[in-house]
Amino acid sequence: PEGALADYARAMEIAPGFPIPYFNRGRLHQRKENWEAAMEDYTRAIERYPAFAAAYINRGNVRCSKGDLTGAIDEYTTAIGLTPDDPDGYYNRAQAQAKLARRDPANTGPLLRAAISDYEQALIIGGKGWVQRERTEMELAQVRRLLEMK
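The present account deals with the structure reproduced in this document. (Residues numbered from 1 in each chain as written. Predicted model: local features only at pLDDT ≥ 70, side-chain atom pairs only at ≥ 80, totals over all residues. Heavy atoms only, no water.)

1. Re the overall build of the protein chain
Assigned secondary structure in the protein chain consists of 8 helices and 0 strands. Taken over the C-alpha atoms alone, the protein chain extends approximately 55 × 30 × 25 Å along its principal axes. Counting the 150 residues in the protein chain, one finds 43% classified as buried. Put simply, of all contacts in the protein chain between residues at least 6 apart along the chain, 50% involve residues at least 24 apart. If you sum the accessible surface of the protein chain, you get close to 8,100 Å²; carbon and sulfur atoms cover 51% of it. Side chains of the protein chain carry 21 positive and 21 negative charges; the gap between the two charge centres is 2 Å. (Helix = DSSP H or I, 4+ residues; strand = E, 2+ residues; numbered from the N terminus. Buried < 20%, exposed > 50% of the residue type's maximum accessible area, 1.4 Å probe, protein only. Contact = heavy atoms within 4.5 Å. Areas by Shrake-Rupley, 256 points an atom, 1.4 Å probe, with all protein chains shown as cover. Lys, Arg positive; Asp, Glu negative; His and termini not counted. Charge placed at Lys NZ, Arg CZ, Asp CG, Glu CD.)

Printed below as a string of structure tokens:
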């Protein structure tokens, strides 16, 4: 990773307007749970390419890791707006909504229904070969059971 960090720094010097080195360095920081550095790099990537949906998804993942589920939902919503045919934004937003439902009893029903809708949309878009399909189906079933118990 240290060599990769140096490589990304060099790439940033050569092409400071190119978003990919910032995004990739953000991923390295995220893996090390260096949340602030990851968030800064994803933000820099977005500044260089505002339609970079994957950077919004990763910012959402960082926010989730830090416990900011509402902020994560906002990031995923932005990514969905940019790439509505990508199941990952819906999947990640569904996860954040389901987690938030457990923390927010007053809004449990609406949040669980929103999560169900997003899981279903991810399954439709992802198709049968989508790598997250089995996991999404399992999580969808769990959220449906939670809503039935409410």
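We are not done yet, so read on.
2. Digging into the environment of Arg-59
Counting through the fold element by element, Arg-59 comes out in helix α4 (residues 53–65). By relative accessible area, which is 13% here, Arg-59 ends up buried. Distance in space between the C-alpha atoms of Arg-59 and Ile-46 is 10 Å, their sequence separation being 13 residues.

3. What about unusual backbone geometry?
The phi dihedral of Glu-33 is positive, around 60°, even though this residue is not glycine. Tracing the sequence through the fold places Glu-33 in the loop between α2 (20–31) and α3 (35–48). Judged by its relative accessible area of 56%, Glu-33 is exposed.

4. Remarks on the pattern of salt bridges
Here the idea is simple: oppositely charged side chains can pair when their charged atoms come close. Using the criterion set out here, one finds 12 salt bridges in the structure. A salt bridge links Arg-63 to Glu-75, with the nearest nitrogen and oxygen atoms 2.9 Å apart. Separated by 12 residues along the polypeptide, Arg-63 in helix α4 and Glu-75 in helix α5 (residues 69–82) bring together distant segments of the chain. Judged by its relative accessible area of 24%, Arg-63 is partly exposed. Here the salt bridges share partners, and the residues they tie into one network are Arg-59, Arg-63, Asp-68 and Glu-75. (Salt bridge = Lys/Arg side-chain N within 4 Å of Asp/Glu carboxyl O.)

5. Some remarks on the packing of aromatic side chains
The tally for this structure, following the rule as stated, stands at 5 aromatic pairs. With 5.6 Å between their ring centres and 55° between their planes, Phe-23 and Tyr-42 make a pair best called tilted. Of this pair, Phe-23 sits in helix α2 while Tyr-42 sits in helix α3, placing them 19 residues apart in sequence. For the residue pair Phe-23 and Tyr-42, the accessibility class agrees, reading buried in each case. Among the aromatic residues, those joined into a cluster by ring pairs are Phe-23, Tyr-42, Tyr-49 and Phe-52. When the ring centre of Tyr-22 is taken as reference, the NZ or CZ atom of Arg-48 above it lies at 4.1 Å. (Phe/Tyr/Trp six-rings, centres within 6.5 Å; stacked < 30°, edge-to-face > 60°. Lys NZ or Arg CZ within 6 Å of the ring centre and 35° of its normal.)

6. A look at the side chain of Thr-136
Considering the arrangement of structural elements, one finds Thr-136 in helix α8 (residues 133–149). Here the side chain of Thr-136 touches Gln-132 through a polar contact of 2.8 Å, landing on its backbone oxygen. Excluding residues within four positions of it along the chain, Thr-136 makes contact with Tyr-91, Tyr-119, Leu-123 and Trp-130. (Polar contact = N/O pair within 3.5 Å; in protein donor to acceptor, adjacent residues only side chain to side chain.)

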